[in-house]
Amino acid sequence: MAGNNPTTTEYIQHHLQNLTFGLHPEHGWSIAHSADEAAEMGFWAIHLDTMGWSIGLGVLFLWVFRKAAKAATTGVPTGLQNFVEMMVEFVDNSVKETFHGRSKLIAPLSLTIFCWIFLMNLMDLVPVDVLPMLAQKIAAMFGADPAHVYFKVVPTTDVNATLGMSLSVFALIIFYAIRSKGFSGFIAELTLHPFSTPNKFAQALLIPVNFLLETVTLLARPISLALRLFGNLYAGELIFILIALLGLWQLPLHFPWAVFHILIIVLQAFIFMMLTIVYLSMATEEQH
Amino acid sequence: MNLNLTLIGQAIAFAVFVWFCMRYVWPPVMQSLQERQKKIADGLDAASRANRDLELAQEQANETLRESKEQAAQILEQAHKRSNQMIEEARDNARLEGERMIANARAEIDQEINRAKEELRAQVARLAIEGAERILESSIDEAKHRELVDKLATEL
């Protein structure tokens, strides 16, 4: 357990706090020693653990896939190449089924989303105390107070990570919509649906209503995309933490929840990927 | 869960990863997949072509076999016919030869008979003349009676 025999609440809070580096109004650029300090940093702070793990896992994914891609032969594939080709074909099929336009970007984007999110989610299956305790030991070696070393291993339980991805997807949605329909077409889609009438005057009255509805629809996409992934993984992580509090009883409980969680992490990665494809194909197609 | 710079950092990392994947991972894998697909398709094509060739060759072989069998049968039949013909010919020849030989023999026999007759006639004529000589005990002018005796001889 973290720190000097913390209470249950402290234990949970400690686990849910990111390692934050930022511009504190009093201490300047520093690592936050508590949740309050982290909150005081406001926007100009960065979660070192989230960034570290997500970039590390992304690099791992790209390294493995790049290795397979470089060694790719047209002969009989073996081991790693088999796996990579299976993933690529799976993603490619999913994209082809849903996205009917031609785009060089969508398929690699989907592959990156799926594999990266899956790897980040996978960190959830590492027992909750192992890596944070390791980080505390290492930090203690460098003279830091272990109680202040926060460490959140699963990047997708950080809403910044999921929202960062979904906002990138959102930018792509708008880019694709404008590219395929033109700027005026994009505006028209926002203002002339779902209520339309041949009467010009009535149409003018309906434009604000349409705009309100469509804007909500548009904005709901990235937000729901981010919060769905975040919510699922956050809840899963929280339950792991609660199970870890049970002492001996965690052994029979941890295993079934971990097994169930395997389903969740794959499913959430898949859902994020599929919805991205669906949104982008909706943005490209004329009518909805 | 406070929003901060991590959001932008994540978005940048995400963009870089997607770019890298699009640039260096996706194309080679896709290319090798497509090339392999083409290779397999070609292989299957070649296999089916070879199959067709094999079928054709088998058909041809069967055809050739059937033809040669027919030819063999034809040749056999011809040989049979020819041998029958030869036997027939030989039989005819033999029969003709036999007949000829019989005819020859007959002719010879006739000749022999005639010659014997002739001889006998001559002998008879001499005997008759001798007898007559003895009977008459006188020489008869042979030249004078020659005609008479010949006449007698032919009457024999």
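Given the structure is predicted, the values throughout are model-derived calculations rather than measurements.

**A look at the sheet that holds strand β2 (residues 28-31) of chain A**
All names here are of chain A.
Moving on, step 1. What the three strands build is an open sheet, ordered β2-β1-β3; its pairing is antiparallel. The open sheet has two free edges, formed respectively by β2 and β3 (45-47), since each of these has just one partner strand. Sheet twist, expressed as the mean angle between neighbouring strand axes with direction ignored, is 15°.
Moving on, step 2. Both strand β1 (residues 20-24) and β3 contribute to a ladder of three bridges, which runs antiparallel. Of the residues in β3, the one forming a bridge with Phe 21 is Ile 46.

**Some details on the state of the cysteines**
Moving on, step 1. All told, the structure shown has zero disulfides over all chains when counted by the stated rule.
Moving on, step 2. For the unlinked cysteine Cys115(A), the closest cysteine sulfur is that of Cys21(B), found at 7.6 Å.
Moving on, step 3. On the basis of relative accessibility, which here comes to 0%, the residue Cys21(B) falls in the buried class.

**Thoughts on the UniProt feature "transmembrane region" (unreviewed entry) in chain B**
Moving on, step 1. The UniProt record annotates "transmembrane region" (unreviewed entry) at residues 6-26 of chain B.
Moving on, step 2. Secondary structure within residues 6-26 of chain B divides into 100% helix and 0% strand; the distance between the first and last C-alpha atoms comes to 27 Å.

**Points about helix α7 (residues 159-191) of chain A**
Residues and elements named next belong to chain A.
Moving on, step 1. Taking 1.5 Å as the rise per residue, α7 with 33 residues should run 48 Å; its terminal C-alpha atoms sit only 31 Å apart, a clear shortfall.
Moving on, step 2. The sharpest bend along α7 comes to roughly 110°, located at Gly 182.
Moving on, step 3. Taking the backbone nitrogen of Asn 160 as reference, a side-chain oxygen 3.0 Å away marks Asp 158 as the first, capping residue of α7.

**Examining the interface of chain B and chain A**
Moving on, step 1. Opposite the 30 residues of chain B that make contact, chain A presents 52 residues.
Moving on, step 2. Here chain B meets chain A over a buried area of about 3600 Å², counting both sides, of which 75% is carbon and sulfur.
Moving on, step 3. The largest contributions to the chain B side of the interface with chain A come from Phe14(B), Phe17(B) and Trp26(B), which together make up 21% of the buried area.
Moving on, step 4. For the pair chain B and chain A, the number of links is one salt bridge.
Moving on, step 5. Between Glu85(A) and Arg36(B) there is a salt bridge whose closest N-O contact spans 2.7 Å.
Moving on, step 6. Counting every contact that joins chain B to chain A gives eight residue pairs in polar contact (both at pLDDT 80 or more).
Moving on, step 7. Its residues assigned to classes, the side of chain B that touches chain A comprises 20 nonpolar, seven polar and three charged.

**As for the packing of aromatic side chains**
Here a ring pair, both rings aromatic, is described through the centre-centre distance and the interplanar angle of the planes.
All names here are of chain A.
Moving on, step 1. Per the counting criterion, the structure on display carries 15 aromatic pairs over all chains.
Moving on, step 2. Aromatic side chains Trp 53 and Phe 151 sit 6.4 Å apart centroid to centroid with 65° between the ring planes, which places their arrangement in the edge-to-face category. Here Trp 53 is found in helix α3 (residues 48-70), whereas its partner Phe 151 is found in the loop between α6 (130-141) and α7, with 98 residues between them in sequence.
Moving on, step 3. Exposure remark for Trp 53: the relative accessible area of 23% places this residue in the partly exposed category.

**Some points on a nonpolar patch on the surface**
Moving on, step 1. A cluster of nonpolar residues, Phe21(A), Leu23(A), Trp29(A), Ile31(A), Phe43(A), Trp44(A), Leu48(A), Ile8(B), Ile12(B), Val16(B) and Trp19(B), forms a patch on the protein surface that exposes about 1000 Å² of accessible area.
Moving on, step 2. Going through the elements one at a time, β1 and β2 of chain A together with α1 (6-136) of chain B are the ones with two or more residues in the nonpolar patch.
Moving on, step 3. The element that contributes the greatest number of residues to the nonpolar patch is α1(B), accounting for four residues.
Moving on, step 4. Examined against the element boundaries, Ile12(B) turns out to sit in helix α1.

**Examining the packing of α3(A) against helix α5 (residues 106-122) of chain A**
Residue and element names in this part refer to chain A.
Moving on, step 1. For the pair α3 and α5, the least separation of the axes is 9 Å and the interaxial angle reads 125°. Taken together, the axes of α3 and α5 lie oblique to each other. Along this stretch, α3 crosses α5, giving a crossing that reads as right-handed. Here Ser 54, Leu 57, Gly 58, Phe 61 and Phe 65 of α3 come into contact with α5, specifically with Leu 111, Thr 112, Cys 115, Trp 116, Leu 119 and Met 120.
Moving on, step 2. In terms of residue class, the contact of α3 with α5 is built from eight nonpolar, three polar and no charged.

**Comments concerning the UniProt feature "coiled-coil region" (unreviewed entry) in chain B**
Moving on, step 1. Under the feature "coiled-coil region" (unreviewed entry), the UniProt entry names residues 44-130 of chain B.
Moving on, step 2. What you have in residues 44-130 of chain B is 100% helix and 0% strand, and the ends, taken at the C-alpha atoms, are 125 Å apart.

**Some thoughts on the UniProt feature "transmembrane region" (unreviewed entry) in chain A**
Residues and elements named next belong to chain A.
Moving on, step 1. As annotated by UniProt and renumbered to match this structure, "transmembrane region" (unreviewed entry) occupies residues 44-65, 105-123, 159-178, 229-251 and 257-280.
Moving on, step 2. Overall, residues 229-251 shows 78% helix and 0% strand. The separation of its end C-alpha atoms is 27 Å.
Moving on, step 3. In this annotation, residues 257-280 is assigned 100% helix and 0% strand; the end-to-end C-alpha distance for the span is 34 Å.

**A word on the packing of α7(A) against helix α9 (residues 250-284) of chain A**
Working note: a packed helix pair is described by the angle between its axes plus the distance between those axes.
All names here are of chain A.
Moving on, step 1. Direction vectors running N to C along α7 and α9 enclose 20°, while the axes themselves pass 7 Å from each other. The pairing of α7 with α9 is recorded here as roughly parallel in orientation. Crossing handedness for the pair α7 and α9: right-handed. When α7 is examined against α9, the residues Thr 162, Met 165, Ser 166, Val 169, Leu 172, Ile 173, Tyr 176, Ala 177, Ser 180 and Lys 181 are found in contact with a partner set consisting of Phe 272, Thr 276, Tyr 279, Leu 280, Met 282, Ala 283 and Thr 284.
Moving on, step 2. The residue inventory of the contact of α7 with α9, partitioned by class, reads 11 nonpolar, five polar and one charged.

What counts, and at which threshold
- Residues numbered from 1 in each chain as written.
- Chains lettered and ligands numbered in written order.
- Predicted model: local features only at pLDDT ≥ 70, side-chain atom pairs only at ≥ 80, totals over all residues.
- Heavy atoms only, no water.
- Pairing = 2+ DSSP bridges.
- Helix = DSSP H or I, 4+ residues; strand = E, 2+ residues; numbered from the N terminus.
- Axes fitted to C-alpha atoms, helices over the stretch in contact; angles between N-to-C directions.
- Disulfide = S-S within 2.5 Å.
- Buried < 20%, exposed > 50% of the residue type's maximum accessible area, 1.4 Å probe, protein only.
- UniProt positions renumbered as here; feature names shortened; annotations may be inferred.
- Expected span 1.5 Å × (residues − 1).
- Bend = angle between axes of the 7 residues up to and from the residue.
- Polar contact = N/O pair within 3.5 Å; in protein donor to acceptor, adjacent residues only side chain to side chain.
- Contact = heavy atoms within 4.5 Å.
- Buried area = accessible area lost by both parts, 1.4 Å probe.
- Salt bridge = Lys/Arg side-chain N within 4 Å of Asp/Glu carboxyl O.
- Nonpolar A, V, L, I, M, F, W, Y, C, P; charged D, E, K, R; others polar.
- Phe/Tyr/Trp six-rings, centres within 6.5 Å; stacked < 30°, edge-to-face > 60°.
- Patch = residues over 30% accessible without salt bridge, like charges linked within 9 Å, V, L, I, M, F, W, Y side chains within 5 Å.
- Areas by Shrake-Rupley, 256 points an atom, 1.4 Å probe, with all protein chains shown as cover.
- Parallel < 35°, antiparallel > 145°, perpendicular 65-115°, else oblique.
- Left-handed = near helix turned anticlockwise from the far one by under 90°.

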